[in-house]
Amino acid sequence: MITKILVPTDGSERAEDAAGFAIELAKGFGATVLFINVVDDVSPAFAYELERGVILDLCEIAAQRRKCAHNAVDRLKEKAEAAGVTAETVVADGHPSDGILQTAIKEGADHIVIGSHGRRALAAAVLGNVTVNVIHGAKVPVTVIPVREEA
């Protein structure tokens, strides 16, 4: 029996696809959907800007990233509720896969639905693919939504 489905989102189209699948799954089981966005303060783009010596207002950047994170989960919550599904949101800080796995345990999620970014195996190994880390670290079933074929 599935009662709570955790759905990570980064605001991308792939995350939207995963959310749509999770909402339909939740309808079938009468489950709650928990949308999460994990704000990673050490992104490659951020590190690159620091490396280039660009002076950044770190507080402004952090506030903007958190605002985007809240917008992403709130938009999906509205979508779920419009479909008649109970939804909750979480915005966490840290490394995305760690935040997802810790939240799954803390919130009692019994299923995770996550989008794939479609990276090839070598790129995933080099880049530290969040989806791969979640699959290997999860204590509950994980459904991976593949990249949609473009027409």
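Whatever comes next refers back to the structure up there.
Residues numbered from 1 in each chain as written. Predicted model: local features only at pLDDT ≥ 70, side-chain atom pairs only at ≥ 80, totals over all residues. Heavy atoms only, no water.

Count 3.6 residues to each turn of an α-helix, and residues three or four apart come out pointing the same way. Taking 1.5 Å per residue, 12 residues should reach 16 Å; helix H4 (residues 96-107) reaches 16 Å between its end C-alpha atoms and fits that length. Taken together, the buried positions of H4 are occupied by Pro-96, Ser-97, Gly-99, Ile-100, Leu-101, Thr-103 and Ala-104. Close packing links the buried residues of H4 with strand E1 (4-8), strand E2 (32-39), strand E3 (87-93), strand E4 (111-115) and helix H6 (130-137). Positive phi appears at Gly-108, one or two residues downstream of H4, with a value of about 70°. (Helix = DSSP H or I, 4+ residues; strand = E, 2+ residues; numbered from the N terminus. Expected span 1.5 Å × (residues − 1). Buried < 20%, exposed > 50% of the residue type's maximum accessible area, 1.4 Å probe, protein only. Contact = heavy atoms within 4.5 Å.)

Now for the nonpolar core. Ile-5, Val-7, Phe-35 and Val-113 are the most contacted members of the largest nonpolar core, which has 22 residues in total. For this core, the secondary-structure elements that each account for two or more residues are E1, helix H1 (13-29), E2, helix H3 (58-82) and E3. Take this core: its biggest share by element is 6 residues, from H1. In this structure Ile-5 touches Ala-22, Leu-25, Ala-26, Ala-31, Thr-32, Val-33, Leu-34, His-111 and Val-113, once residues within four positions along its chain are discounted. Listed in part, the 14 residues of the second largest apolar core include Leu-6, Leu-34, Ala-92 and Leu-101. (Core = buried A, V, L, I, M, F, W, Y, C linked by side-chain atoms within 4.5 Å.)

Our focus in this paragraph is the sheet that holds E2. Backbone hydrogen bonds are what pair the strands of a sheet, in a parallel or an antiparallel way. Across the sheet, which stays open at both edges, the 5 strands sit in the order E3-E2-E1-E4-E5 with parallel pairing between neighbours. Both edges of this open sheet fall to E3 and strand E5 (142-145), since each of them pairs with a single strand only. In this sheet, neighbouring strand axes are inclined to one another by 25° on average, regardless of whether the strands run parallel or antiparallel. Bridging between E4 and E5 involves 4 bridges; their strand directions are parallel. In the sheet register, Ile-112 faces E5, and the bridge partner there is Val-142. Sheet strands touched by H4: E1, E2, E3 and E4. Its angle to E2, the strand with the most contacts, is close to 145°. Those strands touched by H6 are E4 and E5, and its axis lies near 160° from that of E4. (Pairing = 2+ DSSP bridges. Axes fitted to C-alpha atoms, helices over the stretch in contact; angles between N-to-C directions.)

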